[in-house]
Structures are given as structure tokens and as C-alpha cells.
Amino acid sequence: LVIRREDYTPPEWLVPETKLDFDLDPATTRVTAILSVTRNGDHASPLRLDGAGQKPLSVTVDGVAINDWRIDGEQLVIPLTGAAHVVETQVEIAPDRNTQLMGLYASGGNLCTQCEAEGFRRITYFPDRPDVLSVYSVRMTADQKHFPVLLANGDPVEQGDLEDGRHWATWHDPFPKPSYLFALVAGDLTVNRSSFTTMSGREVSLGIWVREADLPKTDHALKALELAMAWDETTYGREYDLDVFNIVAVDDFNFGAMENKGLNIFNSRYILADPDTATDYDYDAIAAVVAHEYFHNWSGNRITCRDWFQLSLKEGFTVYRDQGFSADQGSRAVRRIEDVRGLRASQFPEDSGPLAHPVRPESYQEISNFYTATIYNKGAELIRMMAAILGPEGFRAGTDLYFDRYDGTAATCEDFVTSMEEGGKVDLTQFRLWYSQAGTPRVSASLSQDGDRATLRLAQQVPATPGQPVKSPMVLPLRVKLFGAESGAALTDERLVLFEDTLDTIVFEGLAERAVLSINRGFSAPVVVETDRTAADLAFLSAHDDDPFARYEAMQQLMLDTLVASVEGRTDHEGVIAAVANTLADAALDLAFVAEAVLLPSESFIGDQMAVVDPEAIFRARETLRRDLGTRLEAQWRQAYARGEGQPYAYTPEGKGLRRLRSVALGYIAASGAADAADLAFAQFDSADNMTDRMGALTTLVSSTSDIRTTALDIFYSQYCDNPLVLDKWFQAQAQSSRDDTGAVVAGLAEHADFTLTNPNRARSLIGAFGANQRAFNTADGSGYRFLADQLIALDRLNPQTAAKLLPPLGRWRRFDAGRAELMRAELERIVRTPGLSKDLFEQASKSLEG
Ligand code: ARG
Ligand code: ZN
């Protein structure tokens, strides 16, 4: 069953008010829903309420029990004659048998909900679509001993005790909201509280709710929340609007977190942190996700989506907002590099594979499959491009207009673009193609010079994607600047070129020396740029460009060209070695930047550049370059490594930079084959006072052939086997190993007593990490493919959403040789043929076969 964007029609019935009463119990929860419904428009249709999996007990209309309701598919159909009625339904659900983790479910003895996108219908009958906005009042009753804390959206109203050991609480959310933002939590939780005074003087009580033992790990998240609230006031003029803002952390969660109005629910991995158990990367991710969910209060909740095709309206914009927040907390340049690396690792392959779809899709079978890097991260790049075209003032005028005009409504991507046009006084007609055309545009750029005059020739091509064979040229905002090859000085100011046609030429005059081209600076457009710049030009830019992203990019391009040539049998490492040496020696650079700049492109990114991916050849070429860099620059690596020695741990930009460079240096020392490398890594592992250094060492050890590897893994396991988030790292590190036996090790770990498919974090830490390990997953015998398919089929029975998310590595078959492609297709076919398959996994697997 395919849902199409063009088929959108407004809801036939509205629900201005919703009263819910939960009689909570893990085995059987009874839900009573009282909906005031009003007929929307002139039609005679009955009321249709979505449902899934619940047991209907009774239906009343205007206080009178009725019998003429029926179930059609999974919908409850109620004949109604008037323009407004009060409909009451009673159903039963079983939270403790809910393994999909959608709707109301049990996690670690507590009860919680996840409703986006279509989970609310698993709780009660309701028009479960984002354009039906309702004011909710919620009453919960539960056993006082097991569920002392009862939370829901909005503000608390009343609570009380009952005779039978049960108690109750009521909450009211004055803001009309769609059902996907509903949330409740009942559990034995404790709270870390703080308060925030908004710009207009409202006192907001903030709370992060966790199990008692986790309380000491919540300060970082709470601090991040306060920073995010202040940032949204200064940057976007957005203020919080309720008296309380609660966050609950749960261990079993299908994705990162959820922005339910006034009651965010989080995967505990994006809340809990202390130096002993969380890495710097975890700390950064926690702040980013806390900010992301908080920012949704305006971009998502106050203004929501008309239908799920508009998902990027809230997700792309909110990712753009959280990226801006993170950039302001530390190094803007490093943050941009990380975001682009993420985009290239997840979105580019999606955009060039069988699951490619536009930022505003035209159709879907299962909406859960569209919470993708394209909707989120490419969506954020679209906002970034509009911000670049409008300039800071125009962009702020555009967002002010958007928030003002659409507050309290369910809006569309088109509404956002219109606001940008009006606020920024620009015409974005052609820009809209970014919402409708899938595929990563490819730009070729070549600069030729004649005396003091240089001509930049640009050509663009948007590749065909499934369902979209022919594309029109897009608006590509390219930041461009020229540098003098001799002096290293800037020859021009930076220009924002709006490249809108298939071909274009730009002339630069008055150039006193030979110019070197710096293009797509700051990654101003999410495109692939091919240039004819020589290795010498790239090395020059990696040393002289004044845009740190462009410097990084020049180095990446140099490394990529070198690696691709090496896979093709032409090995010359000298240029890369000299450029890396130069970067290591540049005392003016931020250490975190250095660490990023000297890192080689990933195996899969190298593969993305090749017509046919040869995983073994890519691995060998990359390892050889790593070894040469390690040996030739051994003294420099040891020096960089020593810089961080003995520094007490502090989560500061400087501390993070030191640790990051230290781990990278350790990796190169190990790659050099130095005899003491494993001992050095083990010493770091053993003496580290923080998880960043411990994981840095373990990552190196886990790929080593030394016996110390096993010792370290065993120590790590015995130290942390009671901490699920850290144990995930133990599984993940082994699945990421570059050793020859990784496939066998991973298959063994799937049988480990601590492995389970019921917890999404654990499943992802092993199966997800393995699927992303290009060489280990793609062994020529197909054992990796078979393993993944077996796991996905098993996982699909428990949790279809998480299974579907892990499928994409199998869909890369077109990128490989015929032998591997055939083996991958066979596994995809086996999945598609599995009886009782979910529509989630079916959609992903069948599209992967066709695409
Ligand atoms: N809206 C949530 C967020 O971005 C994620 C919800 C994901 N839902 C899903 N069905 N995959 O923060
Ligand atoms: Zn989001």
C-alpha cells in the first residue's frame, strides 16, 4: 500500500479536545479516551479513528453506548449524524508485550511511550495524523510502589492517593498538538532539577528523570538544556512556553530521542555521561540531541507538519538549528567538518543508492523508513543554503516571519520557503527543486588563466535516481576564492556564486600571479565537486587556505586522489606525507582541527569514488598509506602523542583537541608497526582516567594482532559489564575491527550472553557497526551478507523499525562485482520472501532489489 503526497486531503473530523484516562499496568492497561469531535466541512462521512493492536471494549457517543461501530482494517468506524459529538472509547493494551517500542511500552520496569510517527494509534483510537491538533488532558492511575512518578505533557494539575496502594495524577497541556507529540511516563525515577528564567521572565522548572543510580550522570545534559534555552532566545528569539520542561531517559528506545511537548523522552545514551563512562564524542552528542529536541518546541511543536511528506520541515530545520548551537559551543570549523563527514558517510550513499528519495518525498509505504539522513541532514543543508543566499539578517527576518505566521498550525515545506522569500526578499522558485529532486549534484570546476585574467568554468549534472530519470539544473550556492600560488596570499575576496544553469563561466581580472581555486568553501552546497587541481595545488591549499573547512577539504581530496590511484596500481605517497607533516608542524592550528585533517578518508568513502568497490584493494591501499605515514612521520606522531601525556581530564575544547590528536597519533604509531605500539596502547588503556582515552586505546588494540588485545577486551568487559551503554562500546569496537577474523568474531558475539536483539542500542552496536565495516562485511564468500540477513529476519519479528534501519548495507549490491552483487541479491530475496515480514523491512528490501 503506497501513500502519495498528491493525495493529501484535509481531515474530515477535527478533535479540538481530548481527555485520556490510563489505568496503568504492564500486563494490561486500560485506556479511556473522550474525544470532542467536530465535522470539518460539508460531508456525510462517518468518523474514522486509526488503531493498531488494541482490544476495543466499548464505544459511547454523547454518553450513550452504541453497537453500530465497526472495525475496517485497523480503523474504528463510528457513524455520526451531527456536526459535533463527544465520543468515548475504551480499549485494552499490553505494554509489557510491546517489543516494537512504539506506543506504550515497558523499559527497565518503567512504562513510557513513543508515538512519532504512528505510535499513538497503538494506545487508543484516534485520527493519528499530524494535522489534527487537540488540547490534551491526561489522568494516570498506577501502583504507587512500582510507579511513584507519573508524568505527561504540559503542566501538572493534581495528584492523589487511592486506598488500594494505587495513586493518580492529572496533567494538562494547553497547546493544541498532534497525537505524535503525546507522551506519558510512569516509573520509579528520581530527578535532577534546575530552573530557567526566560527572556520575558517566566520561571521554568527543568527536570531530568532517571533511575536513582544514574542521577550523578545527568549534570551535563541539564547544563546543555539551559544553554540551548538561552541560545534559542538570542539566536532565533524563541522562548519556552510552559512552566515545566521534563526529560526522561530510557534504555530501550528506537532512535535518539523524542520532542514530546514538555516531556522529551530520550535514549539514555543521549543523557547519561560522566568522564569514566562517556567519551568526548558522547558528551558532544548529548548536548546536540538535548538541544535538538528542545529546539523542536518551536520547529516541530508550535509549528508542526501538515503530513509526513513535510517531515523535513521540522527535522531539517531543527538539525540546522542544533548544528548552529553546537558550532557556537566550541570550534565552528571542527563542527562543520564533522557534520560534512557525517553527511558524506550516510546521506551521499543513500542519495546514490536504491533508497534515494527527495527531501520532500512523493510516496512511502512505511513512514518510519523516511527518518533518514536525506530528510534530516540533507534537509539541514537546504536550510543552510537558504541562509547563505539570504544573508544573516534576511534569514532571521524569514524565520521570524515563519514562526509568527504559522504558529499553532500544521505547515508545509512550501510555507517555509515562502517565508524565506518574503522575509529575505529573494526569489526561490528554482531553489525549490532541492525539495523535489533526489540525487547529489555533481559539479565540475576548472580554472584557466591567461595573464591577469582567469576563467572559472562550471558544469553541473544531477544524477538519475529511482523514479527520477531526468533532472533540471539546481541552484548551487558556491563560495569561491582565489589564492596566489607564489605568495600564498588571497587574490580575491570570497564570492558567493549562485550557479543555476548547466554551464556557467565566471571571470576574474587583475590577478597578479597564478591563481589557485578554493571552491565550495565551508561546504556551502551539498554537492560533489570535481576539479582539475593538481596534487601540488591541493597541498598548497591544505597549507594556505584561510577557510579551515577548505583546508581540510583540500587535504581530503589529496588523500582521496592518492588512495584511488593506489587502488588502481599507481602508488605515490609523497605528496600526502609532506602535507600531513606540514599540518602537524603548524603551531597555529587548533589540535582538534589537526586531528581531523590528518585522518584518512574512510574505506567506504574511498569506495564511493570508484566504479566498482573492491573492498580488499581499498583496505590494502589505505593500510599501506597509513603505514607509510606512520613510519615516515613517526617522530612527529610521538611528539603529538606526548603532548597530551599526564594532562588531567577536562571536557574543554583544548582538552578534547589534545585527546583527539592523541588517539589519532596512537593509531599512526600502531600503523607504523613500531614494536612498542601495543604496549603503548595498553598503557594508555590501563592508566586512562576517562573513557575517551580508554576507548582511543581500545580502538587501536582491537585491530592489533598482539595478544594484549584479548587482555584489554577482557578487562574492559569485567569492568563495565553492568553498564549497558559502555558494554555497547565493547561490542561495537569489535565489530569495527580491521582484523581478518572480524566476521567470525561478530558471529560469535551474536551468541554472547549479553547480546540481545530486544534492545535497539545493543542490536545497532553489533549489527549496525558490522554492516558499516566495509571490508569485514563484504567478504567474497558472502558470509557477512548471510549473517546480516539472518539477524534482520530475527529482529523484524520483534522490532521492525530497527530491523529496517539496519538493512541498507545489503542494498549496495550495484556498487560491487558480480559475485558479491549476486550474493547480496540472494539475501535480499530471502528477506522479501520471509512469511509475515513487516512492511518496514519489506519496503526497504524490495526497493533495494529494484533500485
Ligand atoms: N522526532 C524525533 C527526532 O528527530 C525522532 C523520531 C523518530 N521516529 C521514527 N519513527 N523513526 O528527534
Ligand atoms: Zn528531530
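What counts as what
Residues numbered from 1 in each chain as written. Chains lettered and ligands numbered in written order. Predicted model: local features only at pLDDT ≥ 70, side-chain atom pairs only at ≥ 80, totals over all residues. UniProt positions renumbered as here; feature names shortened; annotations may be inferred. Helix = DSSP H or I, 4+ residues; strand = E, 2+ residues; numbered from the N terminus. Rg over C-alpha atoms; globule rule 2.2 N^0.38 Å. Buried ≥ 20, exposed ≤ 12 C-beta atoms within 10 Å, placed from the backbone. Contact = placed C-beta atoms within 7 Å. Near = placed C-beta within 6 Å. Nonpolar A, V, L, I, M, F, W, Y, C, P; charged D, E, K, R; others polar. Axes fitted to C-alpha atoms, helices over the stretch in contact; angles between N-to-C directions. Parallel < 35°, antiparallel > 145°, perpendicular 65-115°, else oblique. Left-handed = near helix turned anticlockwise from the far one by under 90°. Expected span 1.5 Å × (residues − 1). Arc of directions from axis to C-beta. Pairing = 2+ DSSP bridges.

You'll find the protein chain entered in an unreviewed UniProt entry as Aminopeptidase N, with Sphingomonas albertensis given as the organism. Its UniProt record, at the heading Catalytic activity (unreviewed entry), says of the protein chain: "Release of an N-terminal amino acid, Xaa-|-Yaa- from a peptide, amide or arylamide. Xaa is preferably Ala, but may be most amino acids including Pro (slow action). When a terminal hydrophobic residue is followed by a prolyl residue, the two may be released as an intact Xaa-Pro dipeptide." Per its UniProt entry, the protein chain bears the Cofactor (unreviewed entry) comment "Zn(2+)".

Some points on the overall build of the protein chain
Within the protein chain, the secondary structure is distributed over 26 helices and 31 strands. Compactness check: the protein chain gives a C-alpha radius of gyration of 28 Å against a globular reference of 29 Å for 851 residues, within 12% of the reference. Referenced to the eigenvectors of the C-alpha coordinate spread, the extents of the protein chain come out at roughly 85 × 60 × 60 Å. In the protein chain, which comprises 851 residues, the proportion classed as buried is 52%. In the protein chain, once contacts between residues fewer than 6 apart in sequence are set aside, the share between residues at least 24 apart is 69%.

Focus: the UniProt feature "domain: Peptidase M1 alanyl aminopeptidase C-terminal" (unreviewed entry) in the protein chain
UniProt records the feature "domain: Peptidase M1 alanyl aminopeptidase C-terminal" (unreviewed entry) for residues 536–850 in the present numbering. For residues 536–850, the end-to-end C-alpha separation is 43 Å, with 71% helix and 0% strand making up the annotated structure.

Side note on the site of ligand 1
Taken together, Glu116, Ala117, Phe255, Gly256, Ala257, Met258, Glu259, His292, Glu293, Glu315, Ser368 and Tyr371 are the residues near ligand 1. Of the residues that constitute the shell around ligand 1, the class distribution is five nonpolar, three polar and four charged.

Focus: the packing of helix α1 (residues 219–236) against helix α2 (residues 280–295)
The geometry of α1 relative to α2 is characterised by a closest axis approach of 9 Å and an angle of 45° between their N-to-C directions. Compared by their axis directions, α1 and α2 come out oblique. Two packed elements cross with a definite hand, and for α1 against α2 that hand is right-handed. Note on element contacts: α2 touches α1 through Tyr283, Ile286, Ala287, Val290, Ala291, Tyr294 and Phe295, opposite His220, Ala221, Ala224, Leu225, Ala228, Met229 and Asp232. For the contact of α1 with α2, the residue count by class is 12 nonpolar, one polar and one charged.

So, helix α18 (residues 708–720)
Look at α18: 18 Å from first C-alpha to last across 13 residues, which is about the 18 Å you get at 1.5 Å a residue. Here α18 has its buried residues at Arg709, Ala712 and Phe716. Down the axis of α18, the buried set is contained in an arc of 70°. They therefore lie on one face. Away from its buried face, by an angle of more than 90 degrees, α18 presents the exposed residues Thr710, Asp714 and Ser718. Residues of α18 that are buried sit in contact with α16 (677–687), α17 (691–702) and α19 (724–735).

Examining the sheet that holds strand β4 (residues 47–49)
Read across the open sheet, the three strands follow the order β4-β8-β7; overall the sheet is antiparallel. Both edges of this open sheet fall to β4 and β7 (70–72), since each of them pairs with a single strand only. Neighbour-to-neighbour, the strand axes of this sheet turn through a mean angle of 30°, independent of strand direction.

Topic: the sheet that holds strand β28 (residues 495–499)
With respect to topology, three strands assemble into an open sheet ordered β28-β27-β30, the strand pairing being antiparallel. Of all strands in the sheet, those with a lone pairing partner are β28 and β30 (515–519), marking the two edges. On average, each strand axis in the sheet is tilted by 35° relative to the strand beside it, whichever way the strands run.

What about the pairing of strand β26 (residues 453–461)?
The side-chain alternation of β26 yields one buried face, formed by Ala454, Leu456, Leu458 and Gln460, and one unburied face, formed by Arg453, Thr455, Arg457, Ala459 and Gln461. In the sheet, strand β25 (residues 442–450) pairs with β26 via nine bridges, with the strands oriented antiparallel. For aspartate 450, the partnering residue across the bridge sits in β26 and is arginine 453. Turn length for the β25-β26 hairpin, with the two strands adjacent in sequence and antiparallel, is two residues, and the turn residue glycine 451 shows positive phi of about 65°. Sheet topology note: the β26/strand β29 (residues 503–508) ladder contains six bridges and is antiparallel. Paired with threonine 455 across the strands is valine 507, a residue of β29.

Considering helix α26 (residues 839–850)
Helix length check: α26, at 12 residues, gives a terminal C-alpha distance of 16 Å against a target of 16 Å (1.5 Å per residue), a fit within 8%. All of the buried residues along α26 are Asp840, Leu841, Glu843, Gln844, Ala845, Lys847 and Ser848.

Re the UniProt feature "domain: Peptidase M1 membrane alanine aminopeptidase" (unreviewed entry) in the protein chain
In this numbering, the UniProt entry assigns the feature "domain: Peptidase M1 membrane alanine aminopeptidase" (unreviewed entry) to residues 223–431. Regarding residues 223–431, the helix share stands at 55% and the strand share at 10%, and the terminal C-alpha atoms are separated by 38 Å.

Here's the deal with the packing of helix α4 (residues 332–351) against helix α9 (residues 548–567)
At a closest axis distance of 9 Å, the pairing of α4 and α9 adopts a crossing angle of 45°. As judged from the angle between their axes, α4 and α9 are oblique. As α4 runs across α9, the sense of the crossing is right-handed. Mapping the contact onto sequence places Ala333, Arg336 and Ile337 in α4 and Pro548, Phe549 and Tyr552 in α9. In terms of residue class, the contact of α4 with α9 is made up of five nonpolar, no polar and one charged.

Quick word on unusual backbone geometry
A cis amide bond links glutamate 116 with the next residue in sequence, alanine 117, at an omega value of 0°. Along the chain, alanine 117 turns up in the loop between β11 (110–114) and β12 (134–143). In this structure, asparagine 520 takes a positive phi of about 55° despite not being glycine. Here asparagine 520 lies in the loop between β30 and β31 (528–531). According to the C-beta neighbour criterion, asparagine 520 is buried, with 24 such atoms within 10 Å. You will see that phenylalanine 523, though not glycine, has its phi angle at about 55°, which is positive. Among the secondary structure elements, phenylalanine 523 is positioned in the loop between β30 and β31.

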